[in-house]
Amino acid sequence: MTVSPQSSKVDELIRRLDQAVEVQDDAIRCQNVKKVLIDVVNSGESFIDPPYLKPAPDKYARRLLHRDPKGRYTVIVMVWGVDQGTPLHDHAGIWCVECVYRGRIRVTSFSVRGGDPEAGIVQFAKETVVNAGMGEAGALIPPFEYHMIQNPDPGPSITIHVYGGEMTHCHIFEPVEGGYLRRYRELSYTS
Ligand SMILES: [Fe+2]
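Computed from a prediction, not measured in an experiment: that's the story for all the values here.

1. With respect to helix H2 (residues 26-41)
Helical geometry note: an α-helix holds 3.6 residues per turn, so side chains three or four residues apart project in the same direction.
Next up, step 1: With 16 residues, H2 extends 22 Å from end C-alpha to end C-alpha; this agrees with the ideal 22 Å at 1.5 Å per step.
Next up, step 2: Within H2 the residues assigned to the buried category are Arg29, Cys30, Val33, Val36, Leu37, Val40 and Val41. Burial along H2 is one-sided: seen end-on, the buried residues are contained in an arc of 125 degrees.
Next up, step 3: Where the residues of H2 are buried, they touch helix H1 (8-20), strand E3 (96-102), strand E6 (137-140) and strand E8 (157-163).

2. Details of the pattern of salt bridges
Next up, step 1: Inspection of the entire model under this criterion finds 11 salt bridges.
Next up, step 2: For arginine 183, the salt bridge goes to glutamate 174, with nearest N and O atoms at 2.5 Å.
Next up, step 3: Among the residues examined, arginine 183 registers a relative accessible area of 40% and is labelled partly exposed.
Next up, step 4: On the basis of relative accessible area, glutamate 174 is assigned to the partly exposed category, the value being 29%.
Next up, step 5: Look at the salt bridges and you will find they share partners, linking Lys9, Glu12, Arg16, Lys35 and Asp39 into a network.

3. Things to note about H1
Next up, step 1: For H1, spanning 13 residues, the distance from its first C-alpha to its last is 18 Å, which sits close to the expected 18 Å at 1.5 Å a residue.
Next up, step 2: When H1 is considered as a whole, its buried residues turn out to be Lys9, Val10, Glu12, Leu13, Ile14, Leu17 and Ala20.
Next up, step 3: Along its buried surface, H1 packs onto H2, strand E1 (61-67), strand E2 (74-80) and E8.

4. So, the coordination of the iron ion
Next up, step 1: The coordination sphere of the iron ion contains the protein donors His89 (NE2), His91 (NE2) and His147 (NE2), at a distance range of 2.0 to 2.1 Å.
Next up, step 2: Expressed as a motif, the donor residue spacing for the iron ion is H-x1-H-x55-H. With histidine 91 in the loop between E2 and E3 and histidine 147 in strand E7 (residues 146-150), this pair connects stretches of sequence that are 56 residues apart. Considered together, histidine 91 and histidine 147 belong to a single accessibility category, that of buried residues.

Definitions and cut-offs
- Residues numbered from 1 in each chain as written.
- Predicted model: local features only at pLDDT ≥ 70, side-chain atom pairs only at ≥ 80, totals over all residues.
- Heavy atoms only, no water.
- Helix = DSSP H or I, 4+ residues; strand = E, 2+ residues; numbered from the N terminus.
- Expected span 1.5 Å × (residues − 1).
- Buried < 20%, exposed > 50% of the residue type's maximum accessible area, 1.4 Å probe, protein only.
- Arc of directions from axis to C-beta.
- Contact = heavy atoms within 4.5 Å.
- Salt bridge = Lys/Arg side-chain N within 4 Å of Asp/Glu carboxyl O.
- Donors = N, O, S within 2.8 Å, 3.2 Å for Na, K, Ca; no water.

Here it is, written out as structure tokens:
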């Protein structure tokens with residue numbers, strides 16, 4: 001999908017994100033980004049164009065809303081159809097802030113309890129389950145970057161994700177005897 005002309009709210013989002021990512025510390029940067037997303041979403045304005053908001057039939061949709069020309073971050077709109085979600089996955093070492101734009105999502109976080117997530121079988125423990133509603137945001141900062149997302153609602157849910165770069169791949173973790181096994185997953189944008 002090409003980036004289409006944007007509303008003034010999207011312009012505001014980008015202008016404020018440009019400032020938010022300027023600090024060097026990931027924790028502060030994510031706090032800044034989180035505040036911007038919460039502010040902009042809670043304005044109540046419907047600022048994302050309808051083509052970005054269509055569910056995809058087979059799996060959740062991810063559409064590029066903005067790519068920072070300096071490569072510092074990307075903004076992705078994700079659409080979660082009924083019963084759609086992700087497997088347990090990492091973020092390839094990239095920080096991310098996620099904010100609910102419409103509907104709700106359920107985020108289940110995991111921590112490593114044994115083994116090496118980069119080689120062989122790894123054991124995870126479930127940490128927290130958060131049901132986030134409109135205007136609520138969470139951050140994921142490596143090495144604490146393992147989670148899964150589900151749409152718990154009977155209709156589509158929409159989230160906005162800001163990544164510290166462009167996430168072209170991640171790893172998913174498939175349950176096997178004795179734990180989970182990592183698999184490379186290429187990521188693409190939905191048309
Ligand atoms: Fe994720």
